[in-house]
Amino acid sequence: MRTRYAPSPTGHLHLGHVVNAIYVWGLARAAGGRVLLRMEDHDRVRCRREFESSILEDLDWLGFVPDDGLHPILRQSERDDVYRNALEQLRRTHHVYACACSRKQISGERYEGICRERGLADAPGRGLRVRIDEGVETFDDLLLGAIEQDPAHQCGDLLLRDRNGNWTYQFAVTVDDMLQGITDIIRGEDLASSTGRQLRLRQMLGGTGRPRFAHHRLILKPGGAKLSKAAADTGVRELRQSGMTPEDIIGTAAVAVGLTDEFMPVPAHRVPAFFRDSPPAARIHRASSQ
Ligand SMILES: [Zn+2]
């Protein structure tokens, strides 16, 4: 088993990241697997190196240590050649085309294929998409159970590179998970809807084998809104400054997603116990977004 912890350095670490770390390290360690670290800094506008340093420092302080070290750190921003190669491979067998639509022109999540047959040249200021055919993707999520998704209806033709020249999350993460040999993808349930399209893209890229998925609960603010990275009351930096220990912070994250019934301090090396003592299946819950 090989899984990955893959933060985007668009802000400091917060309790939502800590929840993800509990699941990633916990499930990996309980199964004797390895955790690789990947910086998902494909968005060159929003990502900053100072956030990367801060995330790494907080993770280390909390006690979550990746298995393949940090030298070098795998950064999406430094893998342009890798994504370019994958794009060329995709072009050989699938319809990849330039798209001139702005975000405003695309209402909702689904792209209607406006530029599919326009034959536009690949030029600065244009995105690149790949045609997605109809068909259902199914996967058996460790935490959410069986899920069916039809990417052509959900999102339409997938954006691979945006108008600013950034590789998209969907493309970069699919390529990286394949090339890094990731067997288990463990992430928040807000990304469950991306899974069918990533499985499809993987097949289109000639990927063999299928990763397993676990989409875990997110910490919600009172009222049900997803936690924002800006929220000062949940930032690991702020919590550290207030005197909380690593065990306090991990324990706070654990109770916030129901891994414990009441708060108790939890050191990082104890997180596998959440998944050893009671199998994840016992914690199955249905995401409202499904
Ligand atoms: Zn378009």
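Residues numbered from 1 in each chain as written. Predicted model: local features only at pLDDT ≥ 70, side-chain atom pairs only at ≥ 80, totals over all residues. Heavy atoms only, no water.

Participant: What exactly am I supposed to notice about the nonpolar core here?
Facilitator: The nonpolar side chains of a soluble globular protein tend to be buried, and buried together. Tyr-5, Ile-22, Tyr-23, Phe-64 and Ile-250 are the most contacted members of the largest nonpolar core, which has 38 residues in total. Tallying contributions element by element places helix α1 (residues 15-30) first for this core, with 10 residues. Leave out the neighbours within four places in its chain, and Ile-22 touches Leu-27, Phe-64, Ile-250, Ala-253, Ala-254, Leu-259, Val-271, Phe-274 and Phe-275. (Core = buried A, V, L, I, M, F, W, Y, C linked by side-chain atoms within 4.5 Å. Buried < 20%, exposed > 50% of the residue type's maximum accessible area, 1.4 Å probe, protein only. Helix = DSSP H or I, 4+ residues; strand = E, 2+ residues; numbered from the N terminus. Contact = heavy atoms within 4.5 Å.)

Participant: What is the right way to read the pairing of strand β2 (residues 34-39) from this model?
Facilitator: For a regular strand, side chains alternate in direction, first toward one face of the sheet and then toward the other. Counting buried residues along β2, 5 of its 6 residues qualify, which places the element largely inside the surrounding structure. Sheet topology note: the strand β1 (residues 2-5)/β2 ladder contains 4 bridges and is parallel. Bridge pairing in β2 links Arg-4 to Leu-36. After leaving β1, the chain enters α1 and then returns to the sheet as β2, a path that is right-handed. Sheet analysis places β2 next to strand β3 (residues 74-75), joined by 2 bridges and oriented parallel. Along β3, the bridge assignment pairs Met-39 with Arg-75. (Pairing = 2+ DSSP bridges. Right-handed = clockwise from strand over helix to strand, strands pointing away.)

Participant: Any chance you could explain the coordination of the zinc ion here in plain terms?
Facilitator: In ideal tetrahedral geometry, four donors around a metal make angles of 109.5 degrees, whereas ideal octahedral geometry with six donors gives angles of 90 or 180 degrees. Distances from the zinc ion to its protein donors, Cys-99 (SG), Cys-101 (SG), Tyr-111 (OH) and Cys-115 (SG), fall within 2.1 to 2.3 Å. For the zinc ion, the 4 donor atoms are set out with angles of 100 to 122° between them, so the coordination reads as tetrahedral. Mapped onto the sequence, the donors of the zinc ion take the spacing C-x1-C-x9-Y-x3-C. One end of the pair, Cys-101, is in the loop between β4 (96-99) and β5 (127-130); the other, Cys-115, is in the loop between β4 and β5, and 14 residues separate them in sequence. Look at Cys-101 and you get buried, because its relative accessible area is 4%. A residue is classified by how much of its surface remains accessible, and Cys-115, at 0% relative accessible area, is buried. (Donors = N, O, S within 2.8 Å, 3.2 Å for Na, K, Ca; no water. Tetrahedral: all angles 85-135°; square planar, octahedral: opposite > 155°, others 65-115°.)

Participant: Just checking my understanding: could you explain the confidence of the model for the chain for this structure?
Facilitator: Regions with low pLDDT carry predicted coordinates that are not meant to be interpreted in detail. Taken as a whole, the chain shows an average pLDDT of 91; of its residues, 91% reach a score of 70 or greater. Predicted confidence for residues 281-290 stays below pLDDT 50, and this span has 21 contacts to residues more than four positions away or in other chains. (pLDDT = per-residue confidence, 0-100.)

Participant: What should I look at first to understand the pattern of salt bridges in this one?
Facilitator: Once their charged atoms are close, side chains differing in charge can pair, the charge on each being opposite to the other. All told, the structure shown has 27 salt bridges when counted by the stated rule. The closest approach of N and O atoms between Asp-67 and Arg-29, which form a salt bridge, is 3.0 Å. Note that Asp-67 is positioned in the loop between α2 (49-62) and β3 and Arg-29 in helix α1, a separation of 38 residues in sequence. Residue Asp-67 is classed as partly exposed on the basis of its relative accessible area of 28%. Ionic pairing is found between Arg-34 and Asp-68, a salt bridge with its closest N-O pair at 2.6 Å. (Salt bridge = Lys/Arg side-chain N within 4 Å of Asp/Glu carboxyl O.)

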